[in-house]
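# Fold and geometry: a report
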Amino acid sequence: MRKIALVLTMAAAGVLTGQPAPDDADALKRSLVALEKQSWVAWKNRDGKFFEGFLSDDHVEIGFGGVSDKKAVVAGVGSPVCVVRTYSVDRFDLKVLGPDTALLTYFADQDTTCGGNPVPSPVWVGSLYVRRGGKWWNAVYQQTQTKRKAESRP
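Notes on the structure in this doc start here.

What counts as what
Residues numbered from 1 in each chain as written. Predicted model: local features only at pLDDT ≥ 70, side-chain atom pairs only at ≥ 80, totals over all residues. Heavy atoms only, no water. Helix = DSSP H or I, 4+ residues; strand = E, 2+ residues; numbered from the N terminus. Buried < 20%, exposed > 50% of the residue type's maximum accessible area, 1.4 Å probe, protein only. Contact = heavy atoms within 4.5 Å. Areas by Shrake-Rupley, 256 points an atom, 1.4 Å probe, with all protein chains shown as cover. Polar contact = N/O pair within 3.5 Å; in protein donor to acceptor, adjacent residues only side chain to side chain. Pairing = 2+ DSSP bridges. Phe/Tyr/Trp six-rings, centres within 6.5 Å; stacked < 30°, edge-to-face > 60°. Lys NZ or Arg CZ within 6 Å of the ring centre and 35° of its normal.

Looking now at the overall build of the protein chain. Per the secondary structure count, the protein chain includes four helices and seven strands. Along the protein chain, from the amino end to the carboxyl end, the secondary structure elements read α-α-α-β-β-α-β-β-β-β-β. Looking at the protein chain as a whole, 36% of its 154 residues qualify as buried. Considering only contacts in the protein chain between residues 6 or more positions apart, those separated by 24 or more positions represent 58%. Carbon and sulfur atoms provide 58% of the accessible area of the protein chain, an area that totals close to 9200 Å².

Structural data, given as structure tokens:
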């Protein structure tokens, strides 16, 4: 009986604070990680169309070349200017910031050139998602270069 009361209390606390129940947070993490991995496949395949349906209309991308919006990202991904030879993504962590906002962070390593210049790698990534109209959209994406052999999260 105490277990049931504890579960009900935890579920109620989640509803009151706007945070998902632990099972919901795990499901959200799996869903957002899957979306993020799809975006890397699309990046490698120069699939700008994927990014049209993945990025929010007010998307902001902060990269090594400065700040970009959705239009610039979609055009850049769809162009032949960048060549992604290999990449890996791992060490995913999710912070649920509210009922419709979540921050996915992870480690990425890639062998990519844009305009013949190597893209800085490896990086820590922050990818902010917002839920609008029942769908999760990528609203902000930022990379921060780190040392080649990163052992742990900062």
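We are not done yet, so read on.
Once that is clear, we can look at the environment of Arg132. By secondary structure assignment, the location of Arg132 is in strand 6 (residues 123–132). For Arg132, a relative accessible area of 40% gives the class partly exposed. Linking Arg132 and Thr101, residues 31 residues apart in sequence, is a C-alpha distance of 9.6 Å. Contact partners of Arg132, with chain neighbours within four places excluded, come to Ser56, Asp58 and Trp137. Polar contacts involving the side chain of Arg132 include one to the side chain of Asp58, which spans 3.0 Å.

Where burial is concerned, most of strand 6 is hidden: seven out of the ten residues are buried. Summarising the sheet, strand 6 and strand 7 (residues 135–145) pair through ten bridges and their orientation is antiparallel. By the bridge assignment, Val130 is partnered in strand 7 with Trp137. Where strand 6 folds back on strand 7, the antiparallel hairpin that results is connected by two residues, among which Gly133 adopts a positive phi of roughly 60°.

Mapped onto the elements of the fold, Thr112 is located in strand 4 (residues 101–114). Overall, Thr112 belongs to the buried group, its relative accessible area being 2%. For Thr112, the side chain forms a polar contact with the side chain of Gln110, separated by 2.6 Å. Setting aside its immediate chain neighbours within four residues, Thr112 contacts Trp43, Val83, Val84, Arg85, Thr86, Asn117, Pro118 and Val119.

Throughout the structure, instances matching the rule amount to seven aromatic pairs. Centroid distance Phe107 to Trp124: 5.1 Å. Interplanar angle 65°. Geometry classified as edge-to-face. Linking Phe107 in strand 4 with Trp124 in strand 6, this pair joins segments that are 17 residues apart in sequence. The exposure classification of Phe107 matches that of Trp124, with both residues buried. An aromatic cluster of three or more residues is present, and its members are Phe50, Phe51, Phe54 and Tyr129. Across from the ring centre of Phe107, 4.3 Å away, lies the NZ or CZ of Arg91, which sits over that ring. Above the plane of the ring of Trp137 lies Lys135, whose end atom (NZ or CZ) is 3.9 Å from the centre.

Interpretation note: all reported values are geometric properties and have no functional meaning in isolation.
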